[in-house]
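Chain residues, written in single-letter form:
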Amino acid sequence: MRAVPDVTQVCNPNQSAIVMRTFENLLPKLVTCLALLGSACLMAGEVEVLHYWTSGGEAKSVAELKGMMASRGHSWKDFTVTGGGGQNAMAVLKQRVLAGSAPAAANIKGPTIQEWADLHVLTNLDAMASFEKWDEVLPKVIADQMKHKGRYVAVPVNVHRVNWLWANSAVLKKAGVTALPSSYDEFFAAADKIKAAGFIPVAHGGQDWQDFTVFESVALGVGGAAFYNNALVKLDRNALASEEMRKSLNVFRRIKAYVDDKSTGRDWNVTTEMVIKGKAGFQFMGDWAKGEFLAAGQKPGADFSCSPAPGTAKAYTYNVDSFAMFQLKGWEAQKAQGYLAYLLMGQDFQEKFNLRKGSIPARLNMKMDKFDDCAKTSSKDFVATSKAGTLLPSVAHGMAVSSAAQAALRSAVSEFWNNDKTTVGDTVAKLVAVAGQRQRQ
Ligand code: GAL
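Cut-offs and rules
Residues numbered from 1 in each chain as written. Predicted model: local features only at pLDDT ≥ 70, side-chain atom pairs only at ≥ 80, totals over all residues. Heavy atoms only, no water. Near = heavy atom within 4 Å. Polar contact = N/O pair within 3.5 Å; in protein donor to acceptor, adjacent residues only side chain to side chain. Areas by Shrake-Rupley, 256 points an atom, 1.4 Å probe, with all protein chains shown as cover. Nonpolar A, V, L, I, M, F, W, Y, C, P; charged D, E, K, R; others polar. Domains from an automatic or database assignment. Pairing = 2+ DSSP bridges. Helix = DSSP H or I, 4+ residues; strand = E, 2+ residues; numbered from the N terminus. Axes fitted to C-alpha atoms, helices over the stretch in contact; angles between N-to-C directions. Disulfide = S-S within 2.5 Å. Buried < 20%, exposed > 50% of the residue type's maximum accessible area, 1.4 Å probe, protein only. Core = buried A, V, L, I, M, F, W, Y, C linked by side-chain atoms within 4.5 Å. Contact = heavy atoms within 4.5 Å.

**As for the site of the ligand**
Among the 13 residues in the neighbourhood of the ligand, the closest are listed as Glu58, Lys109, Asp321, Lys357 and His397. Within the side chain of Trp53, one N or O atom sits 3.0 Å away from an oxygen atom of the ligand. At a separation of 2.9 Å, an oxygen atom of the ligand approaches a polar backbone atom of Gly85. In isolation the ligand exposes 310 Å². Once the protein is present, 100% of that is buried. Taken together, the residues that form the shell around the ligand break down as four nonpolar, five polar and four charged. Structurally, the shell around the ligand is a two-domain feature, drawing no fewer than three residues from each of domain 1 (13-160 + 322-373) and domain 2 (161-318 + 380-440).

**Points about the sheet that holds strand S3 (residues 105-107)**
Strand order in this open sheet of five strands is S2-S1-S3-S13-S6, and the pairing throughout is mixed. Strands with a single pairing partner mark the edges of an open sheet, and in this sheet they are strand S2 (75-80) and strand S6 (154-156). Within this sheet the neighbouring strands show an average axis-to-axis angle of 25 degrees, counted without direction. In terms of strand pairing, S3 meets strand S13 (residues 322-325) through three bridges, oriented antiparallel.

**Brief notes about the state of the cysteines**
In this structure the tally under the stated criterion is one disulfide. Covalently, Cys306 is tied to Cys374 through a disulfide, its sulfur atoms 2.2 Å apart. An S-S torsion of about -105 degrees defines the bridge between Cys306 and Cys374 as left-handed. With Cys306 in strand S11 (residues 304-308) and Cys374 in helix H18 (residues 373-388), this residue pair connects regions lying 68 residues apart in the sequence. Exposure class is identical for Cys306 and Cys374. Each is buried.

**Comments concerning the nonpolar core**
By size, the foremost hydrophobic cluster in this structure holds 65 residues, and its most contacted members are Leu93, Ile108, Trp134, Met325, Leu340 and Leu344. Ignoring sequence-local partners within four residues, the contact set of Leu93 consists of Leu50, Pro103, Ala106, Ile108, Trp116 and Phe326. Residues Leu172, Ala190, Leu220 and Leu240 belong to the second largest nonpolar core, which totals 57 residues.

So this is what it looks like as structure tokens:
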């Protein structure tokens, strides 16, 4: 536990309500309060938190947070909207905020943080950030995404790596696959063996965000980091129309032949379970999938393996879960919200939460000794790719482009995956139109 005051120990609601509104001088005032009255001034509040963490591994991760809030007397109100990737949650959040009843915090990521901050509905966290030295303990690439016009408005809790390929070790062994594929030639050779051995080669959940999760890893592996960055992050017209894009779409479509016919609409965690239970060999998915393997009692390196998606070992697509704090009325609510922001950035929370979630801490210089080899690789590769210029934001997970551009890319790719009559040329034309859309914004 850090040597900072307990923010539940507050005794002057009127004065502190003003303080809490902007978090200015919050902690020094709380120190004074605590010194004067000690625990006699305990007052607890409630936080309502919007998230979509409902799978087995996710529920265990969020339980850590609920427990920590409860241990300080605060109560937690779940505002869960089911649906992997968070699209449903974002739609419901919009309705709530428009109706004037925003939650205390919501899991919002990447450029969407800026979109909300532009509406002046988020709380400025700068006072806490400077007291707690967030600029020093966060990688710049993450800190920048948490800020709007230079001010902190969101708190990062982790770094998920998206470009992973998960595999069931026993299935691979039975199929005679002796090495994890590092290219698509190797991948398709392994997939053929898995199919011949009577297993489903690729577990895939047919939902648009999962289609795009696979696609962005394929594009990175086939076209390389510079292509990924130009086409999918910068939305450069030439890159979107390039030969690399055509090749990526062709490889993506080839993968479909290795997916079972019950894929349509299947949730990502039900899909991961196919790998866990030895029905399928591989799954392309971010490392929240590891949370499922762990929740099922499986061990990395023994029961399952994590390897970078083919061709992507020297690159890293990142996805940072973060909580934006909404402006609230009422001292109690603001106080609990302040404590939540403080807690989320703490080393204790970041370790416990990420051990379950499959991700790595967002904070720098955290001890990794309790983490498994997948997490250690992720942590090492995050630093290495950051130096090499191949650390890239995940488009599928809302880290790279506006929500409108993301939706347009997702829909073009998903249509291509689902409709075999849609040609590579049709899809390239739709993707290029997204470049035009960006220029008009
Ligand atoms: C990601 C999110 C993860 C995980 C996953 C499945 O976008 O960042 O935390 O929840 O979706 O819903």
